[in-house]
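Working through the structure, step by step
Single-letter residue listing:
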Amino acid sequence: MEVTDVGNKEEGKVWYRKAAAGKGVLVTIVRTTQQAKTVRFLHVAFDTTGDSFLAGDHHGNIYVFDISRNRFRLVQRTGQACTALAFSLRRTTEFLVALTDYTIKCFDKDTKQLVSWMRGHEGAVSSISVHSSGRYAISTSSDTAQLWDLDTFQRKRKLNIRQSVGIQRVFFLPLSNTILSCFSDDSIFAWESDTLFCKYQLPVPNSGPKISYKAFAVTRDGKSLAAGGRSNLLHLWCLDSKQLIRVIQMPTQVRTVRQLEFLPDSFDGGASQTLGVLSQDGVMRFINIHTCKLLFQTGSHDDAITSVTVGPNGRHIVAIMDNGSVNVYSVQSLTQELNKPPSSQVAVVSGEADQEYSNLKVKVRSAAAQRPARSSGRRTQVKILRPPAGSAAEDKENELPAGLNRKRLVAMLKAFGEYPAKYRMFVWRSLLCLPENHAVYSSLTDKGLHSAYLTLQEKYPIKSHKLQRGLQRVLSALAHWAAIFGEVEYLPLVAFPFVKLFQNNPMLCFEVVATVIVNWCQHWFEYFPNPPLNILSAVENVLAHHDKELLQHLVDCGITSQLYAWPLLETLFSEVLTRDEWLKLFDNIFSNQPSFLLMACAAYITCCREPLLLCSQKQDFEYFFHHRNNLDVGAMIKEAYRLMGSTPADIHPKTLFSDFTPLSKGQYPVFNHYPEFIVEYQSREREKIRLQELEYLRERQEVSALRSDFVRRHAEEEAYYAQQELLQKAEEQRRILLAQEEEKLTQQRAKLAAMKRELKVKELQLLDATRRRFLKHQQDLRASQVQGLEQEISRKTDLRERETSAAVQDLEVRQMELEAQRRQLEQHLLKEQERMGRRVEEEVEIRMRRAEREEESFTELLHSTETNIQALEESLAEACQLGLDSDWQSEVAERLQQVEAEQERKRERLAELHRQTLAEEERLADTMRDVAGRKWEDVMRSRAQLQEQHQPLSSAHTDGQRPAGPQRPSTSAAVCVGTNTSGPPVKPNSTSMKQTGTNMTCLNSPSSSESTSTVFSLDRGRAQLDSSERELLKEIRELRQKLAARARESNSASSQSVQSLSSVSVQ
């Protein structure tokens, strides 16, 4: 029994070695994850042909297994476990999947696309039944059944029931429009699918135990219904007569019926007679419903069956086992295995409708129909002792040519591990029984090299030419012997080690290779041009039996037997072994059965398990099986012998191989174990290619002849064109000489023109230098003038500053003089009070008016100065516009700005000094008024005191001198001052004014030189400033006139230079 692990593969083969005849189980399908956990398969469903089926696992993966093509493919990943599966009959590529989320999805297995999504159930869908037309489908859950239109994927009808009665199953009857509904109360109704009209109800048996139907099955013609449940009784109904026609009692081991399936037959016309009954013990028993015989059974207590699906064609049965795997059974093998005595038959009591229930019951005897126990898989090896009489025949069989005995040679080989190198070729010739057909070999070699190996050196370059020719001869002889050997690509790899050993005897080499091909390469060419899949599957089976871990690692890494076994076989280990190791290995191969080669391949893999388990990449495995590795050949050979002895017979490669057959003498045997049509097709294609190559060579010769003719004509044309080219070259040379002469003349003219241009440029440069020199002179002159102006302005500024400082010093001296005068005035104040008061008032008024006039004149002077400065700026701007360069203009403007700023500062300083002078004058006047007021008050107080003192005296004196005339009082201390700003002025009376004498002094009086010094010193400073400003304005006006004259001169000079330059350029 072969086990196929789909793992994480998306496609692959269902089995690698087809089960032998008589084996009921074709293959066991399992799925394990990378963590070595088994994923259970839940549901399966056949298509209409019965050659492929769907299988859904617990992870939601849906696989399609094609039994006829031996392929499987992952068609969908739903992501959740499925609860039911069904194929859509109308569209064969579509299938229905019921999922755990209570929905039904329709997928396309070819495109893997979602076709539709149907919702409506409120519980898990337990079954899906599709109408024979493929248009409708019924989905059943525990509480409802729904009818779907598969063209629109819309719900057409919904069957609701009472909560107390549950639905067991609702399905279509084959070949009709009837829907059969089975409920938990054992009631069965038939409905019309189009109108949902109830056609009939099957009567429930009143007598006998209640079965509680759980399982139902209908024949393909839709005329018989089988029902079973919680009992070992089966009810068989005739749907035409709506009557219970039979009650079948299963053996006592059956307590509950889980599933019923009719097994179709090709010749029964749809009225199936074989019914499969799956019971609670996991055994599926197939009985004949008419004879009530137990035909065969599958499953056991240890290998229990969970559910079963029977193919529509009745050729295969797919069972889901209790461990989650899927077993595929061949019905033909199951029926052919039966070899047991006929079962006892119990009479069938068939009565009319009024017969009792007990009259319908029939028993099936399990003991009589019990299937014999199957072997565990390994055959018990029994040693058969031959009688002494057969020893002579055995000795005769072991006898080899040249007097050698095979048994002795094998004993020698086991003792020494290899044959002596000196006699190895002789021993091989004896073991292989080479016929040495010289004449036949000569006829093969006389045919020459085969067309397939004419270019062998291009694909397999060999350093030794002798070895290359020997390999070509041997391969050509093999290709002439059998046509397939001209098409096998790996044949040079097989023959090369023998060619190297027998390079001095090509005939022996040919016969050794032919013997190896006929015996040890049996079945290699049945799948041509593909590798021998049957041979590789045999190696894989041996490896799976002896080292499952290593095989699982190879499967997990995606390494098939074509990568780890075929490279060893197609090269006969020549790539992975040295010469001595290879010879030692083939000593044992030639001394054993042909299957020993496959055991050696498996032994090599198992002996290298440690490094193979460390490999994980495909490139590493490819490198490993194409290069030499550290391996003990002796240990590998011992392992091969161990595998030969311990491998079970059902997977032993010897079942594939025939016994050793030597080549026949006189004529080599016919070799036709290959698909001839493929080889003939490739031979025809190769011959066609050869003819095309010959045609190509002929056309190539013609092309070469045409090419030679073309070359000759081309040479003649080249000679003619060479002569013409020489003439053209001579003409071109003459033209070149003329052109060179013309070029020289042109160059000379260009030189003359360049010299003229240089002279003109030099002249222009001289004129420009002269102009620049003149301009520079003008600039220097103007700079010196500006510098002189600056010096004059600075000198005038210094002079004004000195005058201002002198005026300030004069003011300070005058202040000192005023202080002295104040002290002097205080001495003479009493004498000149009245006169000074009047004159001070008049003089103050006069000076105030004069000061206002002076202020107005000073303001007008400042305004005129600004006007003159603006005029000067306008004249300077006009002078700049007449031709002064930008540097001189900016310099003059900067100088003018500096002068203006300096003048502005001077004006501001003069205004400040003027304001200070006015403030000092005001303060002096206030002080003088305060002093005069105080003095006047003192005089008045002293006068009042004197009057008080002189009253008695005056009265006495008046009395004494009254006739002498009146005397004027002393008024020498009287002083007259102006009005005080802080209070009302003190007015002397008329008497005191009349008594004022000549000694009275008035401030700012023109008659007194001391009193006028202050006012006239300020006027003098202002007059000097005005005069200096008038002189400065006069000088600026003269300078402006000079600048305007020079600007006119420079403009006239520049116009003359421009005219001269234009005249030069015109020349």
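Before any of the text, the structure's been laid out above.
Report on the accompanying structure. (Residues numbered from 1 in each chain as written. Predicted model: local features only at pLDDT ≥ 70, side-chain atom pairs only at ≥ 80, totals over all residues. Heavy atoms only, no water.)

**A look at the nonpolar core**
To keep it simple, the criterion reads: Buried Ala, Val, Leu, Ile, Met, Phe, Trp, Tyr and Cys residues form a nonpolar core when they are joined through side-chain atoms within 4.5 Å. We call a residue buried when its accessible area falls under 20% of the maximum for its residue type, exposed when it is over 50%, and partly exposed in between, using a 1.4 Å probe and counting protein chains only. Secondary structure elements follow DSSP: runs of H or I no shorter than four residues count as helices, runs of E no shorter than two count as strands, and numbering proceeds from the N terminus. Working rule for contacts: check all heavy atoms of both residues, and any pair within 4.5 Å makes them a contact.
Core analysis: the biggest nonpolar cluster contains 102 residues, and F498 and F573 have the highest contact counts within it. Looking at this core, the element that brings in the most residues is helix α15 (residues 596–607), giving 10 residues. Sequence-distant contacts of F498, that is, excluding residues within four places in its chain, are made with W428, C509, V512, V513, V516, L572, W582, F586 and F590. Of all hydrophobic cores here, the second largest spans 20 residues; its members include V14, W15, V27 and F46.

**Describing a nonpolar patch on the surface**
How we decide: Like-charged residues are merged into a patch within 9 Å and nonpolar side chains (Val, Leu, Ile, Met, Phe, Trp, Tyr) within 5 Å, provided each residue has over 30% relative accessible area and no salt bridge. Residue-level accessible areas treat just the shown protein chains as cover; the underlying method is Shrake-Rupley with a 1.4 Å probe. Basic side-chain nitrogens of Lys or Arg form a salt bridge, by our definition, when they fall within 4 Å of a carboxyl oxygen of Asp or Glu.
On the surface, L691, L694, Y696 and L697 cluster together into a nonpolar patch covering about 390 Å² of accessible area. Looking at the secondary structure, you find L694 in helix α19 (residues 676–828). On the basis of relative accessibility, which here comes to 43%, the residue L694 falls in the partly exposed class.

**Concerning the packing of α15 against helix α18 (residues 633–646)**
Geometrically, a packed helix pair is captured by the angle between its two axes and the distance between the axes. Short version of the rule: To obtain an axis, a line is fitted to C-alpha atoms, over the contacting stretch when the element is a helix, and the angle between two such axes runs from 0 to 180 degrees between their N-to-C directions. If an angle is under 35 degrees, it is roughly parallel; if it is over 145, roughly antiparallel; if it lies from 65 to 115, roughly perpendicular; otherwise it is oblique. Note: crossing handedness is left-handed where the near helix turns anticlockwise from the far helix by less than a right angle, and right-handed where it turns clockwise. The nonpolar class holds Ala, Val, Leu, Ile, Met, Phe, Trp, Tyr, Cys and Pro. Asp, Glu, Lys and Arg form the charged class, and all remaining residues, Gly among them, are polar.
Look at α15 against α18: their axes get within 8 Å of each other, and the N-to-C directions meet at 120°. Considering the angle they form, α15 stands oblique to α18. Of the two elements, α15 crosses α18, and the hand of that crossing is right-handed. For the pair α15 and α18, contact is made by F596, M599, A600, A602, A603, Y604, T606 and C607 and by A635, M636, E639, A640, Y641, L643 and M644, respectively. Split by residue class, the contact of α15 with α18 holds 13 nonpolar, 1 polar and 1 charged.

**Remarks on the sheet that holds strand β5 (residues 52–57)**
Going by this rule: Two strands pair under a simple rule: DSSP has to find at least two bridges between them.
With antiparallel pairing, 5 strands are arranged side by side in an open sheet as β2-β7-β6-β5-β4. Every other strand in the sheet has two partners, leaving β2 (11–13) and β4 (41–46) as the edge strands with one partner each. Shown here is a sheet whose adjacent strand axes are inclined to one another by a mean of 25°, direction ignored. With 5 bridges connecting them, β5 and strand β6 (residues 61–66) associate as antiparallel partners. Note that in β6 the partner of G56 across the bridge is I62.

**A few points about the sheet that holds strand β29 (residues 316–321)**
Overall, mixed pairing links the 5 strands, which are arranged β1-β3-β30-β29-β28 in an open sheet. Strands at the two margins of the open sheet, each flanked by one partner only, are β1 (2–5) and β28 (305–310). Neighbour-to-neighbour, the strand axes of this sheet turn through a mean angle of 20°, independent of strand direction. Taken together, the 4 bridges between β1 and strand β3 (residues 25–30) define a ladder with parallel strand orientation. Looking at the pairing, V3 lines up with T28 of β3.

**Topic: the side chain of N327**
The line we're drawing: Counting of polar contacts relies on pairs of N or O atoms within 3.5 Å, with two restrictions inside protein: one atom must be capable of donating a hydrogen and the other of accepting it, and residues adjacent in sequence are counted only when both atoms are side-chain atoms.
Along the chain, N327 turns up in strand β30 (residues 326–330). Within the structure, N327 has its side chain in polar contact with the side chain of T28 (distance 2.9 Å). At a separation of 3.3 Å, a polar atom in the side chain of N327 contacts the side chain of Y329. Among residues more than four places away in sequence, those in contact with N327 are V25, V27, T28, D303, I317, V318, A319 and M321.

**Describing the pairing of β3**
In regular strands, side chains alternate between the two faces of the sheet. A large share of β3 lies buried, amounting to 6 of its 6 residues. Across 4 bridges, the pairing between β3 and β30 is antiparallel. Considered in β30, the bridge of I29 is made with V326.

**Concerning the pairing of strand β16 (residues 167–172)**
Relative to strand β17 (residues 178–183), β16 is paired through 5 bridges, and the arrangement is antiparallel. The partner of I167 across the bridge, within β17, is F183. In this structure, the hairpin formed by β16 and β17 is closed by a connection of 5 residues, where L175 is found at a positive phi of approximately 60°.

**A few points about the side chain of S325**
You can see S325 is positioned in the loop between β29 and β30. Reaching out from S325, the side chain makes a polar contact with the side chain of N323 at a distance of 2.7 Å.

**Observations regarding helix α7 (residues 465–481)**
Quick reminder of the rule: An expected span of 1.5 Å times one less than the residue number is assigned to each helix.
Helix length check: α7 (17 residues) gives 24 Å between terminal C-alpha atoms against 24 Å at 1.5 Å per residue, within 8%. Counting buried residues in α7 gives 12 out of 17 residues, a clear majority hidden from the surface. All of the buried residues along α7 are L467, Q468, G470, L471, Q472, V474, L475, S476, A477, L478, A479 and W481.

**What about the packing of aromatic side chains?**
What counts, and what does not: Two rings from Phe, Tyr or Trp (for Trp, the six-membered ring) form a pair when their centres are within 6.5 Å of each other. A pair whose planes differ by under 30 degrees is stacked, one over 60 is edge-to-face, and the rest are tilted.
Under the definition given, this model contains 32 aromatic pairs. Look at W428 and W582: their rings are 6.4 Å apart centre to centre, the planes differ by 70°, and that puts the pair in the edge-to-face class. Of this pair, W428 sits in helix α4 (residues 424–432) while W582 sits in helix α14 (residues 579–590), and the two are 154 residues apart along the sequence. Under the relative-accessibility criterion, W428 is labelled buried at 1%. Residue class for W582 comes out buried when judged on its relative accessible area of 5%. Seen in terms of ring centroids, F510 and Y668 are 5.2 Å apart; in terms of plane orientation they differ by 65°. Their pairing is edge-to-face. Here F510, found in helix α9 (residues 506–519), pairs with Y668, found in the loop between α18 and α19; they are 158 residues apart in sequence, far enough to count as distant. Across this residue pair, the class does not change: F510 and Y668 are buried.

**Comments concerning a negative patch on the surface**
To keep it simple, the criterion reads: We count Lys and Arg on the positive side and Asp and Glu on the negative side, and we leave His and both chain ends out. A charge is said to be at NZ when it belongs to Lys, at CZ for Arg, at CG for Asp and at CD for Glu.
Among the surface-exposed residues, E852, E855, E856 and E860 lie close enough to one another that they form a single negatively charged patch. By the secondary structure assignment, E860 is in helix α20 (residues 833–881).

**With respect to the pattern of salt bridges**
Considering all chains together, one arrives at 39 salt bridges under this definition. A salt bridge links R609 to E610; its shortest N-O distance comes to 3.5 Å. Bridged by salt links that share partners, the residues R91, E94, R135 and D151 form one connected network.

**Details of α14**
Each full turn of the α-helix corresponds to 3.6 residues, which orients residues three or four apart in the same direction. Spanning 12 residues, α14 covers 16 Å between terminal C-alpha atoms, matching the ideal 16 Å at 1.5 Å per step. Taken together, the buried positions of α14 are occupied by W582, L583, L585, F586, D587, N588, I589 and F590. Each element contacted by the buried residues of α14 is listed here: α3 (406–416), α4, α8 (491–501), α9, α15 and α18.

**A closer look at unusual backbone geometry**
What is expected of a backbone is that most residues other than glycine have negative phi and most peptide bonds are trans. In the Ramachandran plot, F153 falls in the positive-phi region, its phi being about 60° despite a non-glycine side chain. Within the secondary structure, F153 sits in the loop between β14 (144–149) and β15 (154–160). Judged by relative accessible area, which is 13%, F153 ranks as buried. Despite not being glycine, L572 has its phi angle at roughly 50°, a positive value. With respect to the helices and strands, L572 occurs in the loop between α13 (566–570) and α14.

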